[in-house]
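Chain by chain, the residues:
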Amino acid sequence: EVQLVESGGGLVQPGRSLKLSCLASGFTFSNYGMNWIRQAPGKGLEWVASISSSSSYIYYADTVKGRFTISRDNAKNTLYLQMTSLRSEDTALYYCARWGTGRSPDYWGQGVMVTVSS
Amino acid sequence: DVVMTQTPPSLSVAIGQSVSISCKSSQSLVYSDGKTYLHWLLQSPGQSPKLLIYQVSNLGSGVPDRFSGTGSQKDFTLKISRVEAEDLGVYYCVQATHFPPLTFGSGTKLEIK
């Protein structure tokens, strides 16, 4: 069974940093690209960043480019999102999602909440 | 960036009825390989999104065949036949043809009468 479990969220002041993790199991992690997708409270889904299976290709949304860094450790089956210079508008539930069949985000974690507030 | 427009924003249906949700894109979603990377997700209340349909019309894992997807180019439809109580939630279309970015529709909230 595919499982994605996010961790590392919490309350952080504006301008500070936070690192999210996503532990994958139930599939060969090193064979799949991965995504971070977020959802602000009461809002829709917003793509944040993607990374290919071997980390060769990395992409960011314009809203986080230069502030967030996506990475992965295939030996640890873990995806990361390093977030710096956090803003109030980064407050959201952050999901990791697998790049699956037909370029679809086919499996999602339960999400981890990040709240940016003073 | 490609803009995905979903309609209606919400709808209320009785158990057993059928319903359709529309998703229109600002550009054709046919990729250079001839495939169309348009998918549908369901976010049930308090849950993370789940893949329902990928590449316009292919059912995701474990998805009942009451769900079906059609469309081409810029115009797509998700149909739910014989709605059940467990179908309530917010439905999103998402395109991966013109990635990056991955872009989502604004969602359609399905309520059960």
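Definitions and cut-offs
- Residues numbered from 1 in each chain as written.
- Chains lettered and ligands numbered in written order.
- Predicted model: local features only at pLDDT ≥ 70, side-chain atom pairs only at ≥ 80, totals over all residues.
- Heavy atoms only, no water.
- Salt bridge = Lys/Arg side-chain N within 4 Å of Asp/Glu carboxyl O.
- Buried < 20%, exposed > 50% of the residue type's maximum accessible area, 1.4 Å probe, protein only.
- Contact = heavy atoms within 4.5 Å.
- Buried area = accessible area lost by both parts, 1.4 Å probe.
- Polar contact = N/O pair within 3.5 Å; in protein donor to acceptor, adjacent residues only side chain to side chain.
- Helix = DSSP H or I, 4+ residues; strand = E, 2+ residues; numbered from the N terminus.
- Phe/Tyr/Trp six-rings, centres within 6.5 Å; stacked < 30°, edge-to-face > 60°.
- Lys NZ or Arg CZ within 6 Å of the ring centre and 35° of its normal.

Peer 1: Pulling in residues and values, what's your account of the pattern of salt bridges?
Peer 2: Residue and element names in this part refer to chain A. Counted according to the given criterion, the structure contains nine salt bridges over all chains. One salt bridge in this structure joins Asp106 and Arg98, with 2.7 Å as the shortest N-O distance. Asp106 sits in the buried class, given a relative accessible area of 12%. By relative accessible area, Arg98 is classed as buried at 7%. Salt bridges sharing common partners tie together Arg38, Glu46, Arg67 and Asp90.

Peer 1: Explain the interface of chain B and chain A to me, and be specific about the residues and the numbers.
Peer 2: Contacts between the two partners involve 20 residues from chain B, matched on the other side by 21 residues from chain A. When chain B packs against chain A, close to 1700 Å² is buried across both sides, 69% of that on carbon and sulfur atoms. The largest share of the area that chain B buries against chain A comes from B:Phe99, B:Leu102 and B:Phe104, three residues that together contribute 29% of it. Our count for the contact surface shared by chain B and chain A stands at zero salt bridges. Viewed at the interface, chain A and chain B are joined by eight residue pairs in polar contact (both at pLDDT 80 or more). Sorting the residues of the side of chain B that touches chain A by element identifies strand E4 (38–43) and strand E5 (50–54) of chain B as the ones contributing at least two each. Per-element accounting of the side of chain B that touches chain A gives the leading share, three residues, to E4(B).

Peer 1: I'd like a description of the side chain of B:Ser25, backed by residues and values.
Peer 2: Residue and element names in this part refer to chain B. Along the chain, Ser25 turns up in strand E3 (residues 19–25). Given a relative accessible area of 6%, Ser25 falls into the buried group. A polar contact of 2.6 Å, which involves the side chain of Ser25, links it to the backbone oxygen of Gln27. Beyond its immediate chain neighbours, meaning those up to four positions away, Ser25 contacts Val2, Val3, Met4, Gln73, Lys74 and Phe76.

Peer 1: Any chance you could break down the packing of aromatic side chains for me, citing the residues and the numbers?
Peer 2: Per the stated rule, a full pass over the model turns up eight aromatic pairs over all chains. Ring geometry for A:Tyr95 against A:Trp108: centres 5.7 Å apart, planes inclined by 80°, an arrangement best described as edge-to-face. Taken together, the residues span a long stretch of sequence, with A:Tyr95 in strand E9 (residues 92–99) and A:Trp108 in strand E10 (residues 105–108) at a distance of 13 residues. The burial state of A:Tyr95 is the same as that of A:Trp108; both residues are buried. A network of ring pairs unites the aromatic residues A:Trp47, A:Tyr59, A:Trp99 and B:Phe99 as a single cluster. A cation over an aromatic ring shows up here: A:Arg98 above the ring of A:Tyr32, its NZ or CZ 4.0 Å from the ring centre. If you follow A:Arg103 out to its NZ or CZ, it ends over the ring of B:Tyr37, 4.7 Å from the centre.

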